[in-house]
Each structure stands twice: as C-alpha cells, then as structure tokens.
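# Remarks on the overall topology
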Amino acid sequence: MINMQVATAMAEVLWEQLKLQPRSASGGSFKSQQPFNSRSMDDLIAFLDGPHAPENESFVCLVIHNIDGPGLRDSESQHLLARIAACTHVRVVASIDHVNAPLLWDKKMVHVQFNWCWHHVPTFAPYKIEGVFHPLILAHGSASQSVKTATIVLQSLTPNAQSVFKVLAEHQLAHPDDEGMPIDVLFTSCRERFLVSSLVTLNSHLTEFKDHELVKLRRHSDGQDCLYIPLSKDALEKLVQEINQ
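What counts as what
- Residues numbered from 1 in each chain as written.
- Predicted model: local features only at pLDDT ≥ 70, side-chain atom pairs only at ≥ 80, totals over all residues.
- Heavy atoms only, no water.
- Helix = DSSP H or I, 4+ residues; strand = E, 2+ residues; numbered from the N terminus.
- Buried < 20%, exposed > 50% of the residue type's maximum accessible area, 1.4 Å probe, protein only.
- Contact = heavy atoms within 4.5 Å.
- Areas by Shrake-Rupley, 256 points an atom, 1.4 Å probe, with all protein chains shown as cover.
- Pairing = 2+ DSSP bridges.
- pLDDT = per-residue confidence, 0-100.
- Arc of directions from axis to C-beta.
- Axes fitted to C-alpha atoms, helices over the stretch in contact; angles between N-to-C directions.
- Parallel < 35°, antiparallel > 145°, perpendicular 65-115°, else oblique.
- Left-handed = near helix turned anticlockwise from the far one by under 90°.
- Nonpolar A, V, L, I, M, F, W, Y, C, P; charged D, E, K, R; others polar.

A few words now on the overall build of the chain. Assigned secondary structure in the chain consists of 10 helices and five strands. Relative to its 245 residues, the chain shows a buried fraction of 40%. Considering only contacts in the chain between residues 6 or more positions apart, those separated by 24 or more positions represent 71%. Taken as a whole, the chain presents about 14400 Å² of accessible surface, with 56% of it coming from carbon and sulfur.

Take a look at the structure:
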C-alpha cells in the first residue's frame, strides 16, 4: 500500500517548487508551513490539491511502475492513489501488467480522478529483473500473509477464474489425503457448473494460477497430472471464506 513517506515526499517537492514562485495572496504563509512529516494523509492531499499557484506552473509527477502489482492491488491503495491523482498539482504516469487491471477502478476513478490518457505500448520484455526480487506468492511468509496475498491476486482475476479456483480449493479441503485433483476431474466439475465449456478455457485459467504460483502441478501415483494449492488446510479455509465474501 502507498505509505505516508510517498505522500510526504511529494508534498515536500511541491513545497520546494512553490518557494521559488513569485509570492501571491495564497503564498504569504510559505515560511510558516507545518512540517509535512507531522501531517495526516488528508492534510497532505489537501496541500497537493491547494490553490497555491496556477496548476501548470507547479506540479509533481508520480511515476508508478506496475500500478496493478500485488503491493498496490487492494482497494484502499487504489482509492488513495486516485485521490492523489485528482490533486491539482499532481501528474501520474503509470504502467500496467495485467490485461484486467482496469477492473481495479470504478468509472469515477477512471474518468474523473485518474482521468487516464491511454497508450498501448507493450514492450514484450521478459520479467527477468522483476522475477529476481519477487518471491513465490505462497511459498514465503506466514499463513495469514499468504492468504492476504493470494486474495489480492484472485481479486484481479475474472469471476469465472475465481470460481474455478474455488472448485479446486473445495475439492482439496474435502479430500485432504489425496495427492491433488486430476485435471480431467476439475474440467468435468467446472463444466457441470457452467464455468468452462472447453479444456482450452480451463487451461487459460490454470495458466494464470500457475503463473501467480497459486496452483502447482504434480504427478499422481497412477500417472495422472494433479493440481493442488500449496496452502495448509487452515489457510485454504480462510482463503475460501475471502473468496465467498
């Protein structure tokens, strides 16, 4: 989540710009400003949105690499970023990685607060650098952190994908001693619930799960490929509850 340090740094940068501007009616109190590190987030946003100078003369650019990344994918972070982006003296430049990233925002956030100017400029570059520093989602951290991270990832996926994951999770909870859920069994179960109509559709969901380390594949003793979620029973139950909310 975006923290106070980021907002404070933005306010300080704007403040340094304003001090260089000719003094105006709104700038008479420049020397009596309260230190920004002692202000609340609401106060910082109010300052960034204040009528200090013409908006095109003084502004701060916030550059966000992967605004839909796991660390910013929760609703609270996105709404806070939207509020900051709507400030008079702020400009935001951001990249996205996931095709469904716009689902993080409602109409007001897209058209009024962020007011995006879209440019489709895929680089097709591999995620070698990002991958070096990005730990496996479910292989590190506490159970509660793993559940929180997995929930954030699932929320970025389509409702159908979430439902497919839920089918797998419920099967794993109902059969804790099994080595996993065979792919053909998952396909049959999902097709009966009208979640998928073909193996191609199911495999596209499974690819997303495996890319995000939500699901792993292992060979069953009878030779079948089986899917399993690398979480403990308690953590998986909490994750299913989060999905159901």
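Moving on from the model shown.
Remark on secondary structure: sheet strands pair via backbone hydrogen bonds, oriented parallel or antiparallel. Strand order across the open sheet formed by three strands is E3-E5-E4, with antiparallel pairing between neighbours. With partners counted over all chains shown, the strands left at the sheet margins are strand E3 (181–182) and strand E4 (216–219), one partner each. Sheet topology places E3 next to strand E5 (residues 225–228); two bridges connect them, and they run antiparallel. Note on E5: the bridge partner recorded for Met181 is Leu227.

Turning to the confidence of the model for the chain, a few remarks are in order. Looking at the chain, pLDDT values average 83 and 84% of them are 70 or higher. Taken together, the stretch residues 25–32 has pLDDT below 50 and engages in eight contacts with residues farther than four places along the chain or on a different chain.

In this section: helix H4 (residues 107–114). Those residues of H4 lying buried are Met109, Val110, Gln113 and Phe114. Looking down the long axis of H4, one finds its buried residues gathered within 125° of arc, a one-sided arrangement. Structural note: H4 exposes Lys107, Lys108, His111 and Val112 on the side pointing more than 90 degrees away from its buried face. Close packing links the buried residues of H4 with helix H3 (75–85). The positive-phi residue at the C-terminal boundary of H4 is Asn115, with phi of around 50°.

Pairing of E4 with E5 involves four bridges; the strand directions are antiparallel. By the bridge assignment, Leu217 is partnered in E5 with Leu227. Here E4 folds back onto E5 in antiparallel fashion, the turn holding five residues, of which Gly223 has a positive phi close to 100°.

Helix H9 (residues 199–211) packs onto helix H8 (residues 183–192) with a crossing angle of 110° between their chain directions and a minimal axis gap of 11 Å. One element, H8, and the other, H9, form an angle in the roughly perpendicular class. Of the two elements, H8 crosses H9, and the hand of that crossing is right-handed. Between H8, through Ile183, Leu186 and Phe187, and H9, the contact on the second element is made entirely by Leu199, Leu202 and Leu206. Its residues placed into classes, the contact of H8 with H9 shows six nonpolar, no polar and no charged.

Before going further, it helps to spend a moment on H3. Among the residues of H3, those classed as buried are Ser77, Gln78, Leu80, Leu81, Ala82, Ile84 and Ala85. If you follow the buried residues of H3, they end up packed against helix H1 (4–20), helix H2 (41–48), strand E1 (60–64), strand E2 (90–94) and H4.

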